[in-house]
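Spelled out from the first residue to the last, the chains are:
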Amino acid sequence: MQETRLDTARIRAARRVIDPVFLDTPLYRCEALEPGLGCTVSIKLETANPVRSFKARGTEVVASLLADKGSRAAVCASAGNLGQALAWSGRGRGLDVTVVASRFATRAKLDRIRALDAGLELVDGDHEMARERAAAIARYDGIRLVEDSLDIETCEGAATIGLELVDAAPSFDTVLIALGGGALATGVGHVVKALAPEVEVICVQPLGAPAMTHSWRGRRVVTTDSTDTIADGVAGRRPIPAVLDDLLLVADDAVLVQEASIIAGMRMFLDHAGLVVEPSAALGIAAILEDRDRFAGRHVVTIVCGSNVDVDAYHGWVGAAPIHGS
C-alpha cells in the first residue's frame, strides 16, 4: 500500500515552531452566504495574519529548521504568497531570502515581498520558469531551495489548519480545498482523513489550470502547456509526482470550475461576508455555485486561503452589480 510522506506527529509538533500569529485563525459559520448556496457554510479564514495567506504556516517550519542548522540563506519561486511568507519568516530569523517570480505576477504581492526585505528576481515567463531559475540560483549559490508542496514542511505546516478544523468544527461533513501545487490539499486532507475519515475532501481547481486535477483523475502526472486563469496562486502546469501520490491517498474528489464562478464567489464573499479574497480563495464557493444539488443539506467548510489582490484587477472582477443567489 502506498505510504504518505506526511506524519501526524510532526504536524502536531509543527504548531510549536509556528508563530502563534498564524495559528488558530477564525473559523465560523457564515449564514449570510447560505441562501445563495443552499447549504450550511463555515469559513476558515487564513487571511487574518501578517502575510494574508496560509503559506506562512509552512515557511515558519522551514525557516525554523534552517535557523537551527545555522543556514543563512534560502531561495524560492513564488506566484507571490509563498514569497511573502518566506520573506516574513526569514526576516524574523536572520535569513537572507531571495524570491523568484514572474514579472506578470500580481504587483501587490511583489511590492510586499520587497517591503519584507527579500531579494526579488523577476523572469519573463510563468511560474514554471521561475521554479527553474530558483533551482539554478540554489545550485550556484549553494543555498536552500524552498519548493512549495515538494518540501514536506510546506505541506505539514498547512496541515495544522486541518488540526484546527477537526478540533473546532466536528459537525462539518465536507471540506473544499483550493488545489494548486498541493501543499494545502495534501496537508489538510491528511489530517482530516486521519482524524475525521467520514468527512469528504474535495479539491477545487480552475478549468484554466487543470494539471493537478487531471493528474488526480488519471492517477499519473499530467502536464499542460499553458494556464489561463485569474487564480494565479494555483496556476501550475507541472505537478510534482510525490505530491500527487500524497493527494491520491486523501482526496475524495477533484473538480474544475469556470472563471465566471470564481468571480461570482469573490463577489459573494464581498457582498455577504465583507471579505476581500483573491481568486484562489473563492474556489470552494465556485464549486458549490456550479453544483448546488451536490452540496444541498451539507455542512461545508471552505478554506479562505489568501487575500493578496491587485486592487485595480479586483475592482475589475467584482465591480459589477452584486450577485443574487438563486
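Residues numbered from 1 in each chain as written. Predicted model: local features only at pLDDT ≥ 70, side-chain atom pairs only at ≥ 80, totals over all residues. Heavy atoms only, no water.

Trainee: Please set out the overall build of the protein residue by residue, giving values where relevant.
Mentor: The secondary structure content of the protein amounts to 14 helices and ten strands. Radius of gyration (C-alpha) of the protein: 18 Å, near the 20 Å computed for a compact globule of 326 residues. Each principal axis of the C-alpha atoms in the protein carries an extent, and together these give about 55 × 45 × 40 Å. Looking at the 326 residues of the protein, the share that counts as buried comes to 57%. Partitioning the intrachain contacts of the protein with sequence separation of at least 6 by distance along the chain shows that 74% fall at a separation of at least 24. Approximately 12,800 Å² of the protein is accessible, and the part contributed by carbon and sulfur atoms is 49%. (Helix = DSSP H or I, 4+ residues; strand = E, 2+ residues; numbered from the N terminus. Rg over C-alpha atoms; globule rule 2.2 N^0.38 Å. Buried < 20%, exposed > 50% of the residue type's maximum accessible area, 1.4 Å probe, protein only. Contact = heavy atoms within 4.5 Å. Areas by Shrake-Rupley, 256 points an atom, 1.4 Å probe, with all protein chains shown as cover.)

Trainee: Could you give an account of the nonpolar core, with specific residues and numbers?
Mentor: Of all hydrophobic cores here, the largest spans 73 residues; its most connected members are Leu33, Leu37, Leu184, Phe269, Ile285 and Ile303. No other element matches the eight residues that helix H7 (residues 152-168) contributes to this core. Setting aside its immediate chain neighbours within four residues, isoleucine 303 contacts Lys44, Glu46, Ile161, Leu165, Val175, Leu176, Ile177, Leu184, Val188 and Ala281. With 24 residues, the next largest nonpolar core counts Val51, Leu86, Ala87 and Val146 among its residues. (Core = buried A, V, L, I, M, F, W, Y, C linked by side-chain atoms within 4.5 Å.)

Trainee: An account of the layout of surface pockets is requested, with residue identities and associated values reported.
Mentor: There is about 660 Å³ of room inside the largest pocket. Together, 45 residues line the largest pocket, and Lys55, His127, Asp148, Gly181 and Gly233 are the ones closest to its centre. For the lining of the largest pocket, the element with the highest residue contribution is helix H6 (residues 127-141), accounting for six residues. The volume enclosed by the second largest pocket comes to roughly 380 Å³. (1 Å grid on protein atoms, 1.4 Å probe; cavity = no way out; pocket = protein on both sides within 12 Å on 5 of 7 lines; lining within 4 Å. Points joined across faces, edges and corners; volume = space filled by probe spheres on them.)

Trainee: Pulling in residues and values, what's your account of the packing of H7 against helix H8 (residues 183-195)?
Mentor: Between H7 and H8, the least distance of the axes is 7 Å, while the angle of their chain directions is 45°. When the interaxial angle is binned, H7 and H8 end up oblique. Crossing geometry of H7 relative to H8 is assigned as right-handed. For the pair formed by H7 and H8, the contact residues are Thr154, Cys155, Ala158, Ala159, Ile161, Gly162, Leu163, Leu165 and Val166 on the first element and Ala183, Leu184, Thr186, Gly187, Val188, Val191, Val192 and Leu195 on the second. Its residues placed into classes, the contact of H7 with H8 shows 13 nonpolar, four polar and no charged. (Axes fitted to C-alpha atoms, helices over the stretch in contact; angles between N-to-C directions. Parallel < 35°, antiparallel > 145°, perpendicular 65-115°, else oblique. Left-handed = near helix turned anticlockwise from the far one by under 90°. Nonpolar A, V, L, I, M, F, W, Y, C, P; charged D, E, K, R; others polar.)

Trainee: An account of unusual backbone geometry is needed here, citing residue identities and associated values.
Mentor: Excluding glycine, residues mostly carry a negative phi; peptide bonds, for their part, are mostly trans. Here the phi dihedral of aspartate 24 falls at roughly 50°; this positive angle occurs in a residue that is not glycine. Relative to the elements of secondary structure, aspartate 24 occurs in the loop between helix H1 (8-14) and strand S1 (27-29). In the Ramachandran plot, serine 149 falls in the positive-phi region, its phi being about 80° despite a non-glycine side chain. Looking at serine 149, the relative accessible area reads 1%, which means it is buried.

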